[in-house]
Amino acid sequence: MTMTQDPQNPTPLLDSLEIAKLCVKTCEDTKAQDILLFDVRDRQTMVAEYYVVCSGTSMPHIRAIADRVKRTLAEAGLRPRGSDGDAESRWMVLDYGLVILHVLEPEMRNFYQLENLWDESKVLMRSSPPPPPPRDSPACSPRPDGNTGRGTAWAHQQSPPPGPSSLSP
């Protein structure tokens, strides 16, 4: 299926897979982590044909990834139909119609586990996940109480962490 181009920028049309791959390439270029491209074309209940999910290391990094994707796709004549997310959300979403990009902090991604919405067979492309921190790094060093703090960030929360106000999987 083809996407419509921006009337202000007459460039060749891209199909939805080309747009999804351009999103993935741009995410790779901006050092996004654990990038997944899902092909969900056979799911009649889905709004999009492709979902790209990746992680950024911080909110400035997440904004940089989203901004670069917007610029790159704008150069190809495409603008997002919608976007959501801000510094408080730790999650940004760009909706290009048939392609939807989710950029999250790893903690948010672990909490919401978007990739579990689809079967592993739907993964069209996958980048390497970031390596775990070395056992002797400060991230894994025990606190005085002996706990490393790993995996417990949301254990005591009653409600999920904030996210974009209107999300689509």
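What you are looking at is a predicted structure, and each value in this text was computed from that prediction instead of being measured.

K.L.:
Run through the overall build of the chain, naming residues and quoting values.
P.N.:
Helix and strand content of the chain: 3 helices and 6 strands. Sorting the 169 residues of the chain into buried and exposed places 42% on the buried side. A total accessible area of about 9,600 Å² is found for the chain, and carbon and sulfur atoms account for 51% of it.

K.L.:
Now, about the confidence of the model for the chain: what can you tell me, with residues and values included?
P.N.:
Of all residues in the chain, 66% have pLDDT values of 70 or greater, and the mean over the chain is 78. In this model, residues 1-6 is a region of pLDDT below 50 whose contacts with residues beyond four sequence positions or in other chains number 23 contacts. In the model, residues 139-159 has pLDDT below 50 throughout and makes 22 contacts with residues more than four positions away in sequence or in other chains.

K.L.:
Could you give me a rundown of the packing of aromatic side chains, with the residues and numbers involved?
P.N.:
Going through the model one piece at a time under the given rule, you end up with 4 aromatic pairs. For the pair Phe 38 and Trp 118, a centre-to-centre distance of 4.7 Å together with 40 degrees between the ring planes defines the contact as tilted. In this pair, Phe 38 is assigned in strand β1 (residues 33-39) and Trp 118 in the loop between α3 (106-112) and β6 (123-126), connecting sequence segments 80 residues apart. Summarising the burial analysis for this pair, Phe 38 and Trp 118 share the class buried. On the basis of an interplanar angle of 50 degrees and a centroid distance of 4.9 Å, the ring pair of Trp 91 and Tyr 112 is categorised as tilted. Residue Trp 91 is located in strand β4 (residues 91-95), and its partner Tyr 112 is located in helix α3; the two are separated by 21 residues in the primary sequence. Accessibility expressed as a relative area gives 1% for Trp 91, which makes it buried.

K.L.:
Can you lay out the pattern of salt bridges for me, pointing to particular residues and giving the numbers?
P.N.:
One pass over the structure, following the stated rule, counts 9 salt bridges. With its nearest N and O atoms 3.6 Å apart, the salt bridge here joins Arg 109 to Asp 34. Here Asp 34 lies in strand β1 and Arg 109 lies in helix α3, a separation of 75 residues in the sequence. You'll find Arg 109 and Asp 34 in the same group, each marked buried.

K.L.:
Describe the pairing of strand β5 (residues 99-104), with residues and values.
P.N.:
Along β5, 6 of the 6 residues are buried, which leaves the element largely enclosed by surrounding structure. Every second residue of β5 is oriented toward a common face, with Val 99, Leu 101 and Val 103 on one face and Ile 100, His 102 and Leu 104 on the other, all of them buried. Both strand β2 (residues 50-55) and β5 contribute to a ladder of 6 bridges, which runs parallel. Considered in β5, the bridge of Cys 54 is made with Val 103. As judged from the 5 bridges shared by β4 and β5, these two strands associate in the antiparallel manner.

What counts and how
Residues numbered from 1 in each chain as written. Predicted model: local features only at pLDDT ≥ 70, side-chain atom pairs only at ≥ 80, totals over all residues. Heavy atoms only, no water. Helix = DSSP H or I, 4+ residues; strand = E, 2+ residues; numbered from the N terminus. Buried < 20%, exposed > 50% of the residue type's maximum accessible area, 1.4 Å probe, protein only. Areas by Shrake-Rupley, 256 points an atom, 1.4 Å probe, with all protein chains shown as cover. pLDDT = per-residue confidence, 0-100. Contact = heavy atoms within 4.5 Å. Phe/Tyr/Trp six-rings, centres within 6.5 Å; stacked < 30°, edge-to-face > 60°. Salt bridge = Lys/Arg side-chain N within 4 Å of Asp/Glu carboxyl O. Pairing = 2+ DSSP bridges.

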